[in-house]
Amino acid sequence: MAVKRWIVPSIFFVFLSGLALVLLGQNLLWKRVYRQPEQPIAFSHEIHVGKLNLKCTTCHTTVEKSIRAGVPAVATCMSCHKAVAADRPQVQKLREFWEKKEPIPWEKIHNLPPHVYFSHKRHIQAGIDCATCHGEVRVMPEIRQVRSLKMGWCVDCHRAKAAPLDCYTCHK
Amino acid sequence: MKTTDLTYSEVNSLVLRMLEPPRKAYFGILFFLLSVVGIGVTAWAYQIFRGMGVTGLNNPVGWGVYITDFVFWVGIAHSGTLISAILYLFRARWRTSIYRSAEAMTVFAVLTAGLFPLIHLGRVWLFYWLFPYPNQRFLWPNFRSPLILDVLAVSTYLTVSSVFFFIGLLPDIAAARDQATGWRKKVYAVLSLGWKGTHRLWHHYGAAYLFFAALATPLVISVHSVVSWDFALSIIPGWHSTIFAPYFVAGAIHSGLAMVLTILIPLRKIFKVEKLITLDNLEAMAKMIILTGLIVGYAYATEFFIAWYSGNQYEYEIFRWRATGDYAAEYWIMVVFNSLIPLLFFVKRIRRSVAWLFALGILINIGMWFERYVIIVTSLAHDFLPYAWGHYKPSLVEFAITLGSFGWFFLLFFSFAKFLPAISIAETKELLPLPVKRGGKRG
Amino acid sequence: MRRRDFIKLLGVASSASVATSCGLTPENSQKLIPYLVPPDREIIPGKGMFLSTTCTECPVHCGISVQVRDKVIQNRHRQVPIKIEGLPGHPINDGRLCIRGQAALHRLYHAERFKQPMRREGDGQFAPISWEEAYQVILQHMAKVKSDQRKIGYLSGRTTGALAELMDSFCTHVGVEKLPEYEPLFPASVVNASFALFGRKELPEYRIDRCDFLLSVGADLLETFGNPVQNSRRIAAQRKKGTFRWVHLEPHVSLTGLNATQRLTPKPDSEWAVIAYLLQRVHQSGRAKKTLPGSVLQEVPQLSIEKVEELTGIPKEKLQHLEESFFASDRPLTIAGGVSTASQNGAFLAALTGLLQWATGQVGATVDYTTAVDYSSVGSAAAMESWLKELDQGRIGVLFISRCNPVGTAPQSWQLHHRLKKADLVVGLADLPDETTALCDIILPVSHSLESWGEVSPRKDVASVLQPVLDPIYETRTEGDILLDLYRLELGAAETVDYREYVQKRWRKASSSRDLPTLMQQGYYSVSAEKRPVRLRETRAANLLRSARPQEKTEAAIVYFPPSLRFYDGRSRRLPLLQEIPDPLSSVSYGRWIAVSVATAKRLGIRDRDELRLGIGEWETQIAARIQPGLPEGVFVVYRDQLDAYPVHHLNPAGEPLSFLSGARLEKTGARVALPILSGSTSDHERGIIAHFKEEKESKHEPQVQMYEPHEHKVYRWAMAIDLEACTGCSACVAACYQENNIPLVGKEEHVRGREMAWIRIEPYYTGEEAEFLPMMCQQCDNAPCEPVCPVYATYHNPEGLNAQIYNRCVGTRYCSNNCPYKARRFNWFDHEWPEPLSWGLNPDVSLRNRGVMEKCTFCVHRIRSAKDAARDEDRLVLDGEVVPACAQTCPADAIVFGNLLDPESRVAKLARSGRAYHVLEELNTQPAVTYLSPHKKEGE
């Protein structure tokens, strides 16, 4: 009959359009939730990692021995920037902070809820590349979040890599 | 004057008169009920934003009035199905005039009961975690948990009873449609699903109704058994008992019948349908109540006997304490109101007196509420570890929400009575002799 | 791929993405604060740093190891302490800590702490002033007072070590009279006796670890007497040996008494008769190791056993039994103290005890004066009266009061609150407001010891080190610095040495060999105390006995005012945590109550929570009743720290205030008090919750059949063993747990409603006169009743046998708690507030639970996690004893053992196999991971 022929295609159509809507919605949501806020200093990973090829551990010193990667002390920045590129406006800002003896209030981009235990050390030692969660920072003039960092996303990876799935692995 | 002396047209007019546009008094009552609901809603909002601490609950006693209300309302629901479905299957003719309101009662009671599992949640804003929905985290509800069984049972019950309710309504909505005018007509028209009353329709209708009656009947047993397992599947002395399923079902019907009395007696007065809902009908229910009352009383006795006979000190201690401890008053209210007072119905004069029926009905409702309260609270307050023994006193918030639930229930029922035929026209007619043309008088 | 599969796939994909997209909340507000300059000592983020210092909550001065965390507070990095633990290897406490020590952070972070110097204005209100101003005022007054030939007095609590030295030189140079130090719990009678007998103004160290028979008289060894942490540790150790017996005589009931092998309750103030009897029997039977000179012996009253029975009310056979076991032991130890020596005949009792110790060769063996506690600088109440007279005559112009609260603790009748006004200026050095600071004219806020440098000497032979673990929170200074400042300002001394340099210089001298960092780490260094032999001084001994003749009067309706486990002499009673934790005997947390014996309660028809009017002489007060099993008829107990002033004024010959009043009038007011009694019943109703040890271990219940497959644990099955023989109920574990796991303090009202939040609690169970104390926490059952009932898997059995509780998954049905036979779960009825600076002390490894969530003990899962993390780095398994939960860590009696049950060699596994092992409510087949070890039945009255 005539009707029969249309059933399958229409199901497809409904599904695909539905899927399209969902993805669109997610995209918008993403833009809303993960838009990166204005940083006090427009620090560029592109320059430091991409161009200068600094290793991540140069600044994020504790990433291999602590649960946290660690953010470089202002002194660390100044150690280079006393001399290097001292005239650049952004570096001027840095100098101001340094002279006012104020720490730089960086906007935190990668946030986990307080009930989550995440250890950088463990993941680095397991040979997970920083980019897996943080994306290719070498091409980011301005750092931004590229992964949802939601439980589902974590669980997917843990399953794929046969990492422990007990709740207490990550929940505290 | 007995039902059978009526004519078809009189039945129509009698029943449909209830649907006439409401008068001031009606709106007055409506407003009153709305404000009662308002109180409940406010209390709930307060509880959500402050925390469960606004209740009287504490460490040993984690459940109190809310779960009591839940069980109470589910219990109310059952008699509805009993009257409409089971008695239908047994062809008990007296049910005809009242089954409609009984069914309505079922649906609304379930709607009320369904609120309480939410109300008692510590973090109600996450209630959807109780439903199995697929998610990337691969998290599912725990199907071993009685609470999940509960969710499933109650939702099933709601679905089936409302469908059953609606099917029963179809012909009468059609009848209403034929009489109504204006926007009401339109609404009825939609609801009646284009019922024409043709022979073919009636044929299918009969089959469908029978089918749903058959489907609803086991639910009366199953749903309240599942509710009882909320307790029976735990290990708490006073809860963990095999008697619970039948015990609760009997209790449910007991309270349900009492509730039917409490509702119908004013109803038939207000809408002047004493001719349809006759004393015989009420008396029949009184007789049922005697039976359920006896069963419940037997259950109480058995519990005690087993508690002593089992030689289990925890079990024994909890029952000794129930009857003599902090909650003795509540306990004896439950015993007297549920298993002794119904025995008064053995007296014909009492069971044929509307006043008595009404009064005793209410007492039994109270008694049944306290039954659930005693079972839940005493068992928790006095379990295994003596150090952890405690005491629970309900708070104002809990009273307010309970009150609100009554408001909510009667609000639904009240609007139903005005909007839909509270008495089955079609089935009432079935009881009447076929109209015969005699000098064109009747018609 | 077939079409159907493809569609299914689409279905899953779309619904999944829907699911994930709901509940996203922007958390972008957080800031990431870097160091300005990285701190000198390397800090690993998320890891604790442990600094050694000394606890100053009481004069015992335990060594502590403080866990410090790096936190961002007000956009600045700051190192703050989050947990205090005993310092392993420290001679005073060797790694263990008591309930008060565990609560010390609540003093540091207390909301009411003095935040800057204050001066009392005309209207009696305090107004903040600067340090300079404060000093100016003080100096002016000092100058004036000196000019008109009056005195400047310096009163302080017991002071030792560097500060004592500095104080002395300060006083001598600046011309201040150092008044005898004031210590409310100073055991004057005992010290006085040991001075008279042996020429030592000292409290000897009682070597319980060396004795095989302990006879203690009134001394509350487990609460406040001597060194409670070490006492309970040694008692537990001796008990493990098996041969040890401990008889305790006390006229009332105390935690110590309830823990003794046998507890005897003599009539109030008749204890001396027992000792006198033993002393004379020693000589008659020629068992004396050192015979006493006749001059002394003739002063010892000769009592027949019948007479002793009549005096003490202890039945004859009990006395004989006591005598036998005392003589049977070859290394006995006799200790008198507490309420028994703080009484009319107390001085005499102390003297007799000293003689008994001497005669039976305890001195030098179990009574050690080489490691004694020096009390030479502490004055008795009598000594205090003498300078108070000077005060009355206005001869003391300026009075410094440091680290003590005489107004709140000294006899009320002394009217201190009036007499202090006699001085032109009263300067208070304190951290928290109390009855005394309320009367001061100037208040100098003293830094908390965790903010201070310093050195104390808990024992003659030990100097314990204090170093700051955080920068002062407020404008406070250490007492040392204050003295140095005044010193400098007064004498215009040029050299500006601060207290830090002062003590460090001292250390360099004292321990030249060791460098400071190691000293800092070790937390103490030993001092060479002079070892001159102890000799008995006959004449003085005889004189003392003569002067302190006992009175044989029997008094009625006696109320004892002993110090309490939780608040010591009252100095700790303002610490919120200690109020939140119930007193183990009565299980009452907040408020004040009078303990009434069962018999008396029956006679007067008193129930718990009845309000009573208690009157003695002109003194009267309203107080709630709490029925206390084990308390003798006609004796009542009110903890002294629950009173705003000490109602007793009578002093005994040794100048020690009595610990009791007689002739109490007691009547019901008819009112009821909302007293938070946390226990539902003080008896276990023969439910076998306390299973006393029986030789033939009859297995009550053969293992039940199970429907479900038992859980299989691959590598670890975490388990705990709790020795009820060792556990004294001291509640240190409870405090430790609170601090470790960010457990909120909910306050009195919530306790009254039965909403205590403690994850571990001490359950007292009385059978007749005896009691056992049961630490109860989540049992981490293998067949956990809570697990199957949770609808959302918020609680489940994890692969390592933990009964996991995932807080952020919990929806709060509370079914788990209902179904828990041990009622070990706690529900968050409200959100909890953590005001600064209290929030600084929160443990970042444990998430905060907000309203509507169930919480409970998880064997300190965060400690397990970090231990496993460390093991993983070294690619090995966690070793036995590597994970130590907070409760086990602090337990002075070492009653709690934690470990992996799957490792047959682990301590816990061995204990779980032992003959004494049993489970609470075993018959429910919950198969707990917590094994209790049966205590032996006490011998009782």
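It should be noted that the structure appears before, not after, this text.
Heads up: these notes are all about the structure in this document.

Basis of the calculations
Residues numbered from 1 in each chain as written. Chains lettered and ligands numbered in written order. Predicted model: local features only at pLDDT ≥ 70, side-chain atom pairs only at ≥ 80, totals over all residues. Heavy atoms only, no water. Helix = DSSP H or I, 4+ residues; strand = E, 2+ residues; numbered from the N terminus. Buried < 20%, exposed > 50% of the residue type's maximum accessible area, 1.4 Å probe, protein only. Lys, Arg positive; Asp, Glu negative; His and termini not counted. Charge placed at Lys NZ, Arg CZ, Asp CG, Glu CD. Axes fitted to C-alpha atoms, helices over the stretch in contact; angles between N-to-C directions. Parallel < 35°, antiparallel > 145°, perpendicular 65-115°, else oblique. Left-handed = near helix turned anticlockwise from the far one by under 90°. Contact = heavy atoms within 4.5 Å. Nonpolar A, V, L, I, M, F, W, Y, C, P; charged D, E, K, R; others polar. Buried area = accessible area lost by both parts, 1.4 Å probe. Salt bridge = Lys/Arg side-chain N within 4 Å of Asp/Glu carboxyl O. Polar contact = N/O pair within 3.5 Å; in protein donor to acceptor, adjacent residues only side chain to side chain. Phe/Tyr/Trp six-rings, centres within 6.5 Å; stacked < 30°, edge-to-face > 60°. Pairing = 2+ DSSP bridges. Disulfide = S-S within 2.5 Å. Core = buried A, V, L, I, M, F, W, Y, C linked by side-chain atoms within 4.5 Å.

A look at the overall build of chain B
- Of regular secondary structure, chain B possesses 16 helices and 0 strands.
- Buried residues in chain B amount to 60% of all 443 residues.
- Each charge class in chain B can be summarised by its mean position, and for the 37 positive and 22 negative side chains these summaries are 13 Å apart.

What to know about the packing of helix H6 (residues 188-198) of chain C against helix H14 (residues 346-359) of chain C
Residues and elements named next belong to chain C.
- At a minimum axis separation of 8 Å, H6 and H14 run at an interaxial angle of 50 degrees. In terms of axis orientation, H6 runs oblique to H14. When you trace H6 past H14, the crossing you get is right-handed. Contacts between H6 and H14 pair Ser189, Val190, Ala193, Leu197 and Phe198 from the former with Gly346, Ala347, Ala350, Ala351, Gly354, Leu355 and Trp358 from the latter.
- Split into classes, the residues belonging to the contact of H6 with H14 amount to 9 nonpolar, 3 polar and no charged.

A short note on the interface of chain C and chain B
- Of the residues lining the interface, 64 residues belong to chain C; the matching set on chain B comes to 57 residues.
- When chain C packs against chain B, the two sides together hide about 4900 Å² of surface, and 56% of this comes from carbon and sulfur.
- For the interface between chain C and chain B, the tally reads 1 salt bridge.
- Lysine 823 of chain C is the partner of aspartate 383 of chain B in a salt bridge, and the nearest nitrogen-oxygen pair spans 2.8 Å.
- Taken together, the connections running from chain C to chain B amount to 34 residue pairs in polar contact (both at pLDDT 80 or more).

Details of the packing of aromatic side chains
Residues and elements named next belong to chain B.
- Under the defined criterion, the tally for this structure stands at 69 aromatic pairs over all chains.
- Summarising the aromatic geometry, the rings of tyrosine 128 and tryptophan 129 are spaced 6.2 Å apart at their centres and angled 75 degrees between planes, so their arrangement reads as edge-to-face.
- For tyrosine 128, a relative accessible area of 29% puts it in the partly exposed group.
- An aromatic cluster is built from Phe72, Trp73, Phe108, Phe165, Phe406, Phe409, Phe410, Phe413 and Phe416, whose rings are joined through pairwise contacts.

Some remarks on the sheet that holds strand E8 (residues 177-178) of chain C
Residue and element names in this part refer to chain C.
- Within the open sheet, the 7 strands sit side by side as E6-E5-E19-E18-E17-E7-E8. Their pairing is mixed. Two strands in the sheet have a free side with no partner beyond their single neighbour: strand E6 (126-128) and E8.
- The pairing of strand E7 (residues 151-156) with E8 spans 2 bridges and is parallel. When the sheet's bridge partners are listed, glycine 153 is paired in E8 with glutamate 177.
- Contacting E7, E8 and strand E17 (396-402), helix H15 (residues 381-392) runs over the sheet at an angle of about 135 degrees to E17.

A few points about the state of the cysteines
Residues and elements named next belong to chain C.
- If you walk through the whole model with that rule in mind, you get 0 disulfides over all chains.
- The thiol of cysteine 98 is not disulfide-bonded; the next cysteine sulfur, from cysteine 58, is found 6.0 Å away.
- Classification of cysteine 98 as buried rests on a relative accessible area of 17%.
- Take cysteine 733: it sits in no disulfide, and the sulfur closest to it among the cysteines is that of cysteine 730, at 6.3 Å.
- Residue class for cysteine 733 comes out buried when judged on its relative accessible area of 8%.

A word on the nonpolar core
- Formed by 251 residues in total, the largest nonpolar core has its most connected members in Leu774, Phe859 and Val920 of chain C.
- If one sorts the elements of this core by residue count, helix H3 (residues 65-89) of chain B sits on top with 16 residues.
- Here leucine 774 of chain C is in contact with Ile689, Ile690, Leu724, Arg761, Ile762, Glu763, Tyr765, Tyr918, Val920 and Tyr932 of chain C, once residues within four sequence places are set aside.
- Within the second largest apolar cluster, 76 residues are counted, among which are Tyr277, Val308, Phe326 and Val367 of chain C.

Some points on the interface of chain A and chain B
- Of the residues lining the interface, 5 residues belong to chain A; the matching set on chain B comes to 4 residues.
- Taken over both partners, the interface formed by chain A and chain B buries close to 420 Å², and the fraction arising from carbon and sulfur atoms is 65%.
- Counting across the interface, chain A meets chain B through 0 salt bridges.
- Inspection of the chain A/chain B interface yields 1 residue pair in polar contact (both at pLDDT 80 or more).

Considering the pairing of strand E4 (residues 76-86) of chain C
Residues and elements named next belong to chain C.
- Where burial is concerned, most of E4 is hidden: 8 out of the 11 residues are buried.
- Sheet topology places strand E3 (residues 63-73) next to E4; 10 bridges connect them, and they run antiparallel. Opposite aspartate 70, over in E4, you have glutamine 79 as the bridge partner.

Here's the deal with the sheet that holds strand E2 (residues 49-54) of chain C
Residues and elements named next belong to chain C.
- The antiparallel open sheet is built from 3 strands, whose spatial order is E2-E3-E4. Strands with a single pairing partner mark the edges of an open sheet, and in this sheet they are E2 and E4. Within this sheet the neighbouring strands show an average axis-to-axis angle of 35 degrees, counted without direction.
- The sheet contact formed by E2 and E3 spans 6 bridges and is antiparallel. Its bridge partner being in E3, threonine 54 is matched across the sheet by glycine 63.

Side note on the pattern of salt bridges
Residue and element names in this part refer to chain C.
- Applying the stated criterion across every chain, the model contains 86 salt bridges over all chains.
- For glutamate 756, the salt bridge is made with arginine 826, and the minimal N-O distance between the two is 3.3 Å. Residue glutamate 756 is located in the loop between helix H25 (748-752) and strand E31 (761-767), and its partner arginine 826 is located in strand E35 (residues 826-827); the two are separated by 70 residues in the primary sequence. Each member of the pair glutamate 756 and arginine 826 is classed as buried.
- What you see here is one network of salt bridges that share partners, running through Glu205, Arg207, Asp209, Arg210, Arg234, Asp368, Arg459 and Asp461.

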